[in-house]
There are 2 protein chains.
Amino acid sequence: MPERIYNFSPGPSTLPYSVLEQAARDIVNYRDRGIGLIELSHRSKEFMAVAEETEALVRENMNVPDNYKILFLQGGASSQFYMIPMNFLAGGGKKATYINTGTWSKKAIREARLFGAIDVAYSSEDTTFNRVPSTGEYTVDPASEYLYFVSNNTIYGTQFKSFPETDTLLVCDMSSDILSRRVDVSRFGLIFAGAQKNMGPAGVTIVIIRDDLLDRGDDSIPTMLRYKTHADKGSMFNTPPCFAIYCVGEVMKWLKNNGGVAAMERINNEKASLVYDAIDATDFYRGHAEVGSRSMMNISFNLPTAELEAKFIAEAAAIGLDGLKGHRSIGGCRASIYNAFPRDGVVRLVEFMAEFAAKNS
Amino acid sequence: MPERIYNFSPGPSTLPYSVLEQAARDIVNYRDRGIGLIELSHRSKEFMAVAEETEALVRENMNVPDNYKILFLQGGASSQFYMIPMNFLAGGGKKATYINTGTWSKKAIREARLFGAIDVAYSSEDTTFNRVPSTGEYTVDPASEYLYFVSNNTIYGTQFKSFPETDTLLVCDMSSDILSRRVDVSRFGLIFAGAQKNMGPAGVTIVIIRDDLLDRGDDSIPTMLRYKTHADKGSMFNTPPCFAIYCVGEVMKWLKNNGGVAAMERINNEKASLVYDAIDATDFYRGHAEVGSRSMMNISFNLPTAELEAKFIAEAAAIGLDGLKGHRSIGGCRASIYNAFPRDGVVRLVEFMAEFAAKNS
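Residues numbered from 1 in each chain as written. Chains lettered and ligands numbered in written order. Predicted model: local features only at pLDDT ≥ 70, side-chain atom pairs only at ≥ 80, totals over all residues.

1. Here's the deal with the packing of helix α2 (residues 45–62) of chain A against helix α6 (residues 242–257) of chain A
All names here are of chain A.
Here is step 1 of the chain: Relative to each other, α2 and α6 sit at 45°, their axes nearing to 9 Å. When the axes of α2 and α6 are compared, the pair comes out oblique. α2 and α6 meet at a crossing whose hand is left-handed. Contacts from F47, V50, A51, E53, T54, L57, V58, E60 and N61 of α2 reach α6 at C242, I245, Y246, V248, G249, M252, K253, L255 and K256. (Axes fitted to C-alpha atoms, helices over the stretch in contact; angles between N-to-C directions. Helix = DSSP H or I, 4+ residues; strand = E, 2+ residues; numbered from the N terminus. Parallel < 35°, antiparallel > 145°, perpendicular 65-115°, else oblique. Left-handed = near helix turned anticlockwise from the far one by under 90°. Contact = placed C-beta atoms within 7 Å.)

Here it is, written out as C-alpha cells:
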C-alpha cells in the first residue's frame, strides 16, 4: 500500500483501500476473462451477475424488505429532487410536506414546488441550519402525499437521531448517512442516496422504493423519469453506470465482512465522539450543530477567527489530514468521517487539534 | 498485457488497453498523491484539472467551435430523448421533425411527443431499418424547431454518409459514431453521445450545444433538466460522474496521440471494408444494411439459417472473438468495431468468416 493521506472530503470521499485494489485489477482484466470490467457489455452474463450481487448485498446489509425495489439510477441525488414530486404529485392538485434543514432540502423544496403545493413544516434556516427538529416541533398536514426530510445534513453537520413519527409516507434523502447506522427501512416509502459518501464513487444513486408506490407517476412523465420504468427492468432499461454499480458491490462486500451496519454504527459513534470530545475540551473550537443534533458523519466546527481556520486547514493538510475546509456556504472547518474513514485518521486529527489549540490560544 | 479477447460488443465496448492500465494505477493512487482517483472531491484542484483537460481535449479532437459548450451529463443518451424536446419545445405549440432510422430514433420520437407536435419525415421501419435517407427523400416543415436524426444506427448497422442539408436546426444522436470520422460541428445545434462506445465507459453523456440555444428552456423545467444549469457551472452543478469523465479524458489523449479523428476515420474505413468484403465475397453472408447506408462502426449480418448463426457465434467466441451476437430485435450477427477495436481482431474475424463459410456452405 502506498502512503495514504487521510481524506476528510465530504464526497466523493475515502473508500476502503481493498476496494480500490480490487477495482484496479478488474479494470484491466476482469476475473482473468481477458476483458476489462469497464469494457463488459451491460447485458453480458458477467455484468448481470455483478448487478444482481450488488443489489442482493445492499438488500442484505440494509435489511431491505422484499416489497421494496432497489434501483441504481443516474443523475445524482439532485435528480431525485424533481423525480419524487414529478411521480408522487402527478395528476396535479396534490401537496407534500418538507422539513427544511439545509441546502439540500432547500433545493428539493424549490424543485417540488414545480409540481404541487409544498408545506414547509419546519425550518432551521434562521439559525444557519444548526439543528434538526424532533417530531413534536412541527405538524404534518394529513392531506400530504409524503413527508420529506434529509437524515444527515452534510454541510451543517446535523443528523436526525430518530426519524419523524407520522402516518404520512416518509421520503428520505440519506445521501450522507446511508449504511452508517441501523435503519428500519419498512418505515419509509422511498429512501435515496448518492453513492459517493458511504457506498462508492460518484455516478450512481440508490433508490429504495416500496412496490406499491411505483405506479404513482402517469403517462405524461418521460419514460426515463418514472420509477416503474427502472423497477420493471432491474435498472437495465438503458445502459447503467456499470463501474459505479460494481464499486458499490465491492463496498457492500467490505461492509459485510467488517461486521455489517451494526458494526459501522458502533465504530462511527466512537470516531465521532473522539472529535466532539476534542471540540468540547476547549473553548478554542466551537461545533456548528446543537449538541442534540450532532452528526456522526460530518463534523462542522469553527475556530476563533477565519485566519486561524485557514492556518488550521493548511497545517493539517501539510501533515496529511486533507479536505478539512468547510463548505463555502458556512466556511469554517469540517471533518467528514464516513464508514471507510479509518479510526487512525480520527486519532491523528484530535491530536493535531489539541496541539494546534495549545499553540494558538 | 494479459491475453485479451477481441470484444465486438456494441457498448460498453473495447477501450485502449493503455487507458485501462492508467486507470488502474490512478484508482489506487492518483499521481502519487496518496489518494485514489475515485476518492478525490470533485471540487479538488486535481479533479477540476481532469475535467478541464477532458473538455479541452474533446474540443480539440472534434474541432468544436468556441461558441459551443461541451457538457458532461448523466442519464445516458436516453435522457436526451426527453431533455431535447423539453427544452427546445418549451412553452408549447411548437413542432419538430424526426427521421426514424431505428430503435433509438423511435424511442426519441415517443418522448418528444410528450412536449409538442412531432413530424416523422422519413422512416425505414417497413424494411427493418436497413437504410438511411439522403436529403432529397424527405421534407422538413420550416416551422420545425429542429430536425432530429441518429447518425449511426448501432442495431441495424446503418450510417448517414452525409448529414441532412437543411436550414432547420440540426440535432444529432452521435452515440455510436462520435469521434470516428471528421464532422463539421458548426452545422449542428446540438450533438449528444453516450460515452460507452467511442469515448469511455458507461456513465457519462456528452452534449455539445451551441451557446444561443442554452436559453430555450423555461422556468417550468426542473433545474437539473435545463442545459443552461450545467453550462453555467461547467458541468459541476452537482457531483459529476468523475471516473467516467476521467476515462473520457484518457481516451481523448490516446486518440490525439494516434493521429486524431482523421486517422481514426481512415482506419475505421479500412477495418469496416475488410468485413464488408468478407460479407460480399460469398452468398453465405448477407449484410443487413443497404450498401449505400453501411455503417463503419456496427456491421449487422445474417447467415443462411438461425442455427448456423448460433453456431457461428459460439465457435467465434471459443477462439476469442466475443460479442458477435446481433441485437435481440433483429437477431443474426453483429460486429461492432469502434475506434479502439484493434485491426488484428478484424483480420481474425474475416479469416474465421472465410473458414466458417467454407466448412458450412
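2. So, the relation of the copies chain B and chain A
Here is step 1 of the chain: The two copies are related by a screw operation: chain B maps onto chain A through 180° of rotation and 0.0 Å of translation along the axis, at an RMSD of 0.0 Å. The relationship between the two copies is best expressed as a two-fold rotation axis. Across chain B, the rotation axis passes nearest the C-alpha of A24 of chain B, at a separation of 2.1 Å.
Here is step 2 of the chain: In this assembly the copies share their binding face: 100% of the residues contributing to the interface of chain B also contribute to that of chain A. (Least-squares fit on C-alpha atoms with pLDDT ≥ 70 in both.)

3. Examining helix α8 (residues 306–318) of chain B
All names here are of chain B.
Here is step 1 of the chain: For α8, built from 13 residues, the straight-helix expectation of 18 Å at 1.5 Å per residue is met to within 8% by its first-to-last C-alpha distance of 18 Å.
Here is step 2 of the chain: Every buried residue of α8 is accounted for by F312, I313 and A316. Down the axis of α8, the buried side of the element spans an arc of 95°, and every buried residue falls inside it. Opposite the buried face of α8, by more than 90 degrees, sit the exposed residues E307, A314 and A318.
Here is step 3 of the chain: For α8, the elements touching its buried residues are β13 (321–322), β14 (333–336) and α9 (343–360).
Here is step 4 of the chain: Just downstream of α8, G320 is the residue with a positive phi angle, here 90°. (Expected span 1.5 Å × (residues − 1). Buried ≥ 20, exposed ≤ 12 C-beta atoms within 10 Å, placed from the backbone. Arc of directions from axis to C-beta.)

4. Structural notes on the interface of chain B and chain A
Here is step 1 of the chain: Facing 51 residues of chain B, the contacting portion of chain A comprises 51 residues.
Here is step 2 of the chain: Where the side of chain B that touches chain A is concerned, the elements lending two or more residues are α1 (17–28), α3 (76–88) and α6 (242–257) of chain B.
Here is step 3 of the chain: Take the side of chain B that touches chain A: its biggest share by element is six residues, from α1 of chain B.
Here is step 4 of the chain: Here the residues of the side of chain B that touches chain A sort into 23 nonpolar, 23 polar and five charged. (Nonpolar A, V, L, I, M, F, W, Y, C, P; charged D, E, K, R; others polar.)

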